[in-house]
Amino acid sequence: MRRTGTNRRAGRTRTAATVCIGVLALATLTAGCRAEPVGAAEPTAAPKAPSTAASPTDDAKPSSPATPSSPEAKPSRKPAPRPKTLMSVGDRSKQVRELQARLRQIGHFDRRPTGYYGTATVASVKSFQGKRGLSRTGRTDTVTWQRLLGMTRKPTAQELDPPTDRPAAQPDARCMTGRVLCISKNSRTLSWMIDGRVVSSMDVRFGSQYTPTREGTFSVYWKSRHHVSTIYDSPMPYAMFFSGGQAVHYSSDFAARGYSGASHGCVNVRDEGKIASLFAQVRNGDKVVIYW
């Protein structure tokens, strides 16, 4: 009986110990825990401060500091080529005659074309250039010529070689027979006549009061195509001598300055085309009549 009681006490002791151990174990598991309300969100990690440095990729290389870009260099422009001069002072040609005829069409040349590029032509070209905003050089360059071509039409034969500016005078009676250079000081014209018929007429000028052109009836005694004066050392193209050193010939000064000048006694012609044609027709021995 004593053993039975002892066993009962021992069993109660083991049971109590077991309970105590369980309580201690439960307390250990729950120690340090904080109660959270039902449904509360789980705490999130604190956001990291944004990094100022860019994160390199696997194959990224350290970047070098940016350098300011320099402005692109502009390609240098080559200066435009200077216009080529086509005609200038002293030139004689068919193109000069066409230039004068075209300038005359638009009111920049008030004379008949002569084919000689003198001071009158220079002044006309300068006038044309100034009106069109071109450099007033007086030379006809490629730009001036193209501008003029665009504003004018091709001159007719009549415009290139018009009749004399001055009406021919009534022929002197001595001019009505034979082959005659009939020259009037009053009208300042020369008429080439054959048997009373006028073949051609042209403007002429004479000598000054100090070197007058002789009047009367003469005959051509010598022709010289490329003559140069032995006294004045000046050219006298297409010279047809009729009295001593006096001759009918082409004058570039007459073509350039008109009646503002005078000869040294010769009969000057300013239209080179007409005097060239006349020179080819006149023969030695043909009559020359100079009268008022």
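Before any of the text, the structure's been laid out above.
Read on for a plain summary of the structure. (Residues numbered from 1 in each chain as written. Predicted model: local features only at pLDDT ≥ 70, side-chain atom pairs only at ≥ 80, totals over all residues. Heavy atoms only, no water.)

### As for the overall build of the chain
For clarity, the threshold we go by: Helix and strand labels come from DSSP, where a helix needs a run of H or I of at least four residues and a strand needs a run of E of at least two; each type is numbered from the N terminus. For every residue, the accessible area (1.4 Å probe, protein chains only) is compared with the maximum for its type, and the residue is labelled buried under 20%, exposed over 50%, or partly exposed between those bounds. In these tables, accessible area is a Shrake-Rupley quantity obtained with a 1.4 Å probe, and a residue counts as shielded only by the protein chains included in the view.
Each helix and strand in the chain was counted, giving 7 helices and 11 strands. For the chain, with 292 residues in total, the buried portion stands at 35%. Just so you have it, the chain exposes about 19000 Å², and 55% of that area is on carbon and sulfur atoms.

### Quick look at the state of the cysteines
By definition, a disulfide links the sulfur atoms of two cysteine residues through a covalent bond. Let me state the cut-off plainly: Here, the term disulfide refers to a pair of cysteine sulfur atoms separated by no more than 2.5 Å.
Under the defined criterion, the tally for this structure stands at 1 disulfide. Disulfide pairing is shown between Cys175 and Cys182; the S-S distance is 2.1 Å. Classification of the bridge connecting Cys175 and Cys182 rests on its S-S torsion, roughly 80°, and on that basis the disulfide is right-handed. With respect to burial, Cys175 and Cys182 carry one shared label: buried.

### Let's talk about the packing of helix 3 (residues 119-131) against helix 4 (residues 142-151)
Operational definition: Axis definition: a line fitted to C-alpha atoms, limited for helices to the stretch in contact. Angles are taken between N-to-C directions and run from 0 to 180 degrees. Between 65 and 115 degrees an angle is taken as roughly perpendicular, under 35 as roughly parallel, over 145 as roughly antiparallel, and anywhere else as oblique. Any two residues having at least one pair of non-hydrogen atoms within 4.5 Å are treated as being in contact. Polarity classes work like this: nonpolar for Ala, Val, Leu, Ile, Met, Phe, Trp, Tyr, Cys and Pro, charged for Asp, Glu, Lys and Arg, and polar for all others, with Gly in that last group.
Contact geometry for helix 3 and helix 4: axes closest at 11 Å, N-to-C directions at 80°. In this view, helix 3 runs roughly perpendicular relative to helix 4, as classed from their interaxial angle. Facing helix 3, whose interface residues are Val125, Phe128 and Gln129, helix 4 presents Thr144, Arg147, Leu148 and Met151. Looking at the contact of helix 3 with helix 4, its residues break down into 4 nonpolar, 2 polar and 1 charged.

### Some remarks on the sheet that holds strand 7 (residues 222-228)
Sheet strands pair via backbone hydrogen bonds, and the direction of the pair is either parallel or antiparallel. Test applied: We treat two strands as partners when DSSP finds at least two bridges between them.
What the 9 strands build is an open sheet, ordered 6-11-3-4-5-10-9-8-7; its pairing is mixed. Edge positions in the sheet fall to strand 6 (216-219) and strand 7, since each has one partner strand and no second. Across the sheet, the mean angle separating the axes of adjacent strands is 30° when strand polarity is ignored. In this sheet, strand 11 (residues 287-291) lies alongside strand 6 in antiparallel orientation, the contact comprising 4 bridges.

### Focus: unusual backbone geometry
With a phi close to 55°, Asp233 is a non-glycine residue in the positive phi region. Considering the arrangement of structural elements, one finds Asp233 in the loop between strand 7 and strand 8 (235-243). According to the relative accessible area criterion, Asp233 is exposed, its value standing at 63%. A positive phi angle, near 60°, is found at Tyr238, a position not held by glycine. Counting through the fold element by element, Tyr238 comes out in strand 8. Residue classification places Tyr238 among the buried residues on the basis of a relative accessible area of 9%.

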